[in-house]
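A look at the structure
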Amino acid sequence: MKKIGFLFIVFLSINSFSQNLTCKDFKEGTFFVPSDSETLVSYKIIRNGNSQVEIVIDPEFEQTIYVIIEWIDDCSYRSFYDTEKMTLNDYQKFINENDGILTELKEIKGKCFFFKSTLSANDDIQVINGKFCSE
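Residues numbered from 1 in each chain as written. Predicted model: local features only at pLDDT ≥ 70, side-chain atom pairs only at ≥ 80, totals over all residues. Heavy atoms only, no water.

**Quick word on the environment of Phe31**
- Inspection of the secondary structure assignment puts Phe31 in strand β1 (residues 29–33).
- Along the backbone, Phe31 and Lys44 are 13 residues apart, and their C-alpha atoms lie at a distance of 5.7 Å.
- When residues no more than four places from it in sequence are discounted, the contact partners of Phe31 are Asp25, Phe26, Tyr43, Lys44, Ile45, Arg47, Phe132, Cys133, Ser134 and Glu135. (Helix = DSSP H or I, 4+ residues; strand = E, 2+ residues; numbered from the N terminus. Contact = heavy atoms within 4.5 Å.)

Below, the structure is given as structure tokens:
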């Protein structure tokens, strides 16, 4: 009987401390985007409410980008470049003029959020799949 009680307590403790992340866990905080075949440079995301700062982590291409987030729901949002905090290049202006970038959660694995980002403009759709992870 003591073994069953002990096993029950151990099982309950493991379940209490397991980490089940949700979309809400990625709405605020500091995150890391690793480079891959679609994302050519790594960068850090610092998110606070509707504001996001992206810091490129590449000694040859250091850049800080300011983004405004318009949340659709906990798992999707539109992002626009912040014209008050930075001077936009032509491509950034093009993105803002075409309803921003739509990002949707696809899956959470461990500490990482796998997403699909879409830009629709002039009957053309550009899609980037990627991930960002909690630090």
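**Looking at unusual backbone geometry**
- Of note in this structure, Asp99 is not a glycine but carries a positive phi near 70 degrees.
- On the basis of relative accessibility, which here comes to 44%, the residue Asp99 falls in the partly exposed class.
- With a phi close to 50 degrees, Asn122 is a non-glycine residue in the positive phi region.
- Mapping Asn122 onto the fold places it in the loop between β7 (112–121) and β8 (124–134). (Buried < 20%, exposed > 50% of the residue type's maximum accessible area, 1.4 Å probe, protein only.)

**Side note on helix α2 (residues 90–97)**
- Of all the positions in α2, only Gln92, Ile95 and Asn96 are classed as buried. Projected down its long axis, α2 carries its buried residues within an arc of 95 degrees, all on one side. Away from its buried face, by an angle of more than 90 degrees, α2 presents the exposed residues Asp90 and Glu97.
- The elements touched by buried residues of α2 are β4 (64–73), β5 (76–81), β6 (101–109) and β7.
- At the N-terminal boundary of α2, the capping side chain belongs to Asn89, with an oxygen 3.1 Å from the backbone nitrogen of Tyr91. (Arc of directions from axis to C-beta. Polar contact = N/O pair within 3.5 Å; in protein donor to acceptor, adjacent residues only side chain to side chain.)

**With respect to the layout of surface pockets**
- Approximately 910 Å³ is the volume attributed to the largest pocket.
- Surrounding the largest pocket, 32 residues form its lining, Tyr43, Glu54, Tyr81, Ile101 and Ile128 being those nearest its centre.
- Sorting the residues of the lining of the largest pocket by element identifies β2 (43–48), β3 (51–56), β4, β5, α2, β6, β7 and β8 as the ones contributing at least two each.
- Of the residues belonging to the lining of the largest pocket, the class tally is 20 nonpolar, 10 polar and two charged. (1 Å grid on protein atoms, 1.4 Å probe; cavity = no way out; pocket = protein on both sides within 12 Å on 5 of 7 lines; lining within 4 Å. Points joined across faces, edges and corners; volume = space filled by probe spheres on them. Nonpolar A, V, L, I, M, F, W, Y, C, P; charged D, E, K, R; others polar.)

**Some details on the packing of aromatic side chains**
- Considering all chains together, one arrives at eight aromatic pairs under this definition.
- Between Phe26 and Phe113, the aromatic rings sit 5.1 Å apart at their centres with planes inclined by 55 degrees, giving tilted as the arrangement. Placement of Phe26 in the loop between α1 (2–17) and β1 and of Phe113 in strand β7 is noted, with a sequence separation of 87 residues between them. Considered together, Phe26 and Phe113 belong to a single accessibility category, that of buried residues.
- Arranged with centres 6.3 Å apart and planes meeting at 25 degrees, the rings of Tyr91 and Phe94 form a pair that is stacked. Taken together, the residues span about one helical turn, with Tyr91 and Phe94 both in helix α2 at a distance of three residues.
- By way of ring pairs, the aromatic residues Phe26, Phe31, Phe113, Phe115 and Phe132 are connected into one cluster. (Phe/Tyr/Trp six-rings, centres within 6.5 Å; stacked < 30°, edge-to-face > 60°.)

**Looking at the nonpolar core**
- In this structure, Phe26, Ile45, Tyr81 and Phe132 are the most contacted members of the largest nonpolar core, which totals 19 residues.
- If you list the elements that add at least two residues to this core, you get β1, β2, β4, β5 and β7.
- The residues touching Ile45, leaving out its near neighbours within four places in the chain, are Gly29, Thr30, Phe31, Val33, Gln52, Val53, Glu54 and Phe132. (Core = buried A, V, L, I, M, F, W, Y, C linked by side-chain atoms within 4.5 Å.)

**A short note on the pairing of β7**
- Counting buried positions along β7 gives seven out of 10 residues, so the element sits mostly inside the fold.
- Across seven bridges, β6 lies against β7 in antiparallel orientation. Within the sheet, the bridge partner assigned to Glu107 lies in β7 and is Phe114.
- In the sheet, β7 pairs with β8 via 10 bridges, with the strands oriented antiparallel. Each bridged residue has a counterpart across the sheet, and for Phe113 the counterpart in β8 is Phe132.
- Taken together, β7 and the strand that follows it, β8, pair antiparallel across an intervening segment of two residues, in which Asn122 is found at a positive phi of about 50 degrees. (Pairing = 2+ DSSP bridges.)

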